[in-house]
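If you want the building blocks of each chain, they are given just below.
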Amino acid sequence: MNRLSDIGTIKEILSRYGFNFSKGLGQNFLINPSVCPRMAELSGAGKGVGVIEIGPGIGVLTRELCEISDKVVAVEIDKRLIPVLDETLADFDNIKVINDDVMKLDLKKLIEDEFEGMKVVVCANLPYYITSPVIMKLLEDKLPVEAITVMVQKEAAQRICAEVGSRESGAVTVSVNYYSKPEMLFTVSSGSFMPAPKVDSAVMRLDVYKEPPIKLDDDKKFFTVVKAAFSQRRKTVLNSISSSLALEKNVVNGILLDSGVDPRSRAEKLTMEDFAEISRRIEI
Ligand code: SAM
């Protein structure tokens with residue numbers, strides 16, 4: 001068994017390095033031994049596969065990924081964890097740890113440099129404070145990755161994995177569905193972490209499309225329309241779009257009708273194709 005998920009071992013290692021958890025960096029380390037093997041296996045990591053991990057912490061998930069895949073590159077922002085990872089991952093020669101902020105890294109270049117000729121997947125227990133920005137960066141950068149398997153707050157996973165057009169959906173649901181097919185894998189209780197966060201978590205996998213499911217000439221415009229439509233969830237799509245984009249109501253009304261969308265509907269009722277049709281017609 002991976003001894004790094006044992007709470008006694010974690011405490012011993014961290015106290016030896018004088019480490020204290022940073023709330024600001026979203027440091028909640030996994031102490032439930034059943035989570036990492038399951039997550040690693042479901043991520044698509046394996047023979048011939050390279051893995052990018054974001055935020056390895058002390059390396060509990062990293063070890064599982066190193067066991068089953070050809071190469072792992074882990075990006076950790078906290079330099080205090082680098083000597084810890086040198087120790088906890090010492091028995092693997094297929095790991096590279098990069099001390100950097102994932103939001104600032106050129107991940108396309110990293111993949112070219114580190115994973116030539118390999119299939120690539122992402123697998124990470126993400127820091128909560130940047131869940132959506134990290135996911136959107138991974139998708140918007142159009143990286144050559146097959147799948148992104150991440151642990152996030154349960155509510156965030158439920159929102160992302162909701163059906164487009166259902167009450168639970170939001171702008172992030174539509175945006176993620178443009179690039180990938182999201183699937184909820186399993187939930188993880190807050191007691192599985194040290195320190196325990198206030199809310200439960202969930203692991204989801206995004207299977208990245210080679211080609212988006214809808215054809216657009218201008219995907220930026222599509223995302224602007226989606227954000228505008230969801231900007232005031234309780235209002236009609238007519239009011240949200242016109243006020244958020246400062247457009248005349250009668251103009252937006254005409255565009256919605258021409259797109260086959262009832263101007264009185266709420267954004268959560270619209271389909272991907274509805275948003276696409278509006279973005280093809282609107283001038284912004
Ligand atoms: N993978 C470990 C585990 O499951 O126990 C730790 C996960 S912890 C939720 C998030 C990790 O992400 C921490 O190690 C934190 O230092 C790191 N982190 C936070 N912000 C980061 C960033 N912008 N870039 C890279 N790593 C970051």
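Residues numbered from 1 in each chain as written. Predicted model: local features only at pLDDT ≥ 70, side-chain atom pairs only at ≥ 80, totals over all residues. Heavy atoms only, no water.

One open sheet accounts for 7 strands, arranged β4-β3-β2-β5-β6-β9-β7; its pairing is mixed. Single-partner strands in this sheet number two, and they are β4 (95-99) and β7 (180-188). With direction set aside, neighbouring strand axes in the sheet form an average angle of 20°. Note that strand β3 (residues 71-76) and β4 share 5 bridges and pair parallel. In the strand pairing of β4, V72 is matched with I95. Across the sheet, helix α6 (residues 131-140) touches β2 (49-54), β5 (119-125), β6 (147-153), β7 and β9 (201-208), and the angle it forms with β6 is around 170°. (Pairing = 2+ DSSP bridges. Helix = DSSP H or I, 4+ residues; strand = E, 2+ residues; numbered from the N terminus. Axes fitted to C-alpha atoms, helices over the stretch in contact; angles between N-to-C directions. Contact = heavy atoms within 4.5 Å.)

For the rest of this paragraph, the subject is the packing of aromatic side chains. For the structure on display, the rule yields 9 aromatic pairs. With centroids separated by 5.3 Å and ring planes inclined at 80°, the aromatic side chains of F222 and F223 adopt a geometry described as edge-to-face. Each member of the pair, F222 together with F223, is buried. Through successive ring pairs, a cluster of aromatic residues spans Y178, Y179, F222 and F223. (Phe/Tyr/Trp six-rings, centres within 6.5 Å; stacked < 30°, edge-to-face > 60°. Buried < 20%, exposed > 50% of the residue type's maximum accessible area, 1.4 Å probe, protein only.)

Along an α-helix, residues three or four apart share an orientation, since each turn contains 3.6 residues. Every buried residue belonging to helix α5 (residues 107-114) is among L107, L110, I111 and E114, and all of these are buried. For α5, the angular spread of buried residues about the axis comes to 100°, placing them on one side. For α5, the secondary structure elements touched by its buried residues are β2, β3, β4, β5 and α6. At the N-terminal end of α5, a side-chain oxygen is found 3.2 Å from the backbone nitrogen of K108, two or three residues along, and the residue is D106. (Arc of directions from axis to C-beta. Polar contact = N/O pair within 3.5 Å; in protein donor to acceptor, adjacent residues only side chain to side chain.)

A few words now on the pairing of β2. In terms of burial, β2 is a largely internal element, 6 of the 6 residues being buried. Taking every second residue as pointing to the same face, both faces of β2 are buried, with V49, V51 and E53 on one and G50, I52 and I54 on the other. By the bridge criterion, 4 bridges tie β2 to β5 in an arrangement that is parallel. Across the sheet, V49 pairs through a bridge with K119, a residue of β5. Sheet analysis places β2 next to β3, joined by 5 bridges and oriented parallel. Looking across to β3, one finds that I52 is bridged to V73. Following the backbone out of β2, through helix α3 (residues 60-68) and into the adjacent parallel β3, one traces a crossover that is right-handed. (Right-handed = clockwise from strand over helix to strand, strands pointing away.)

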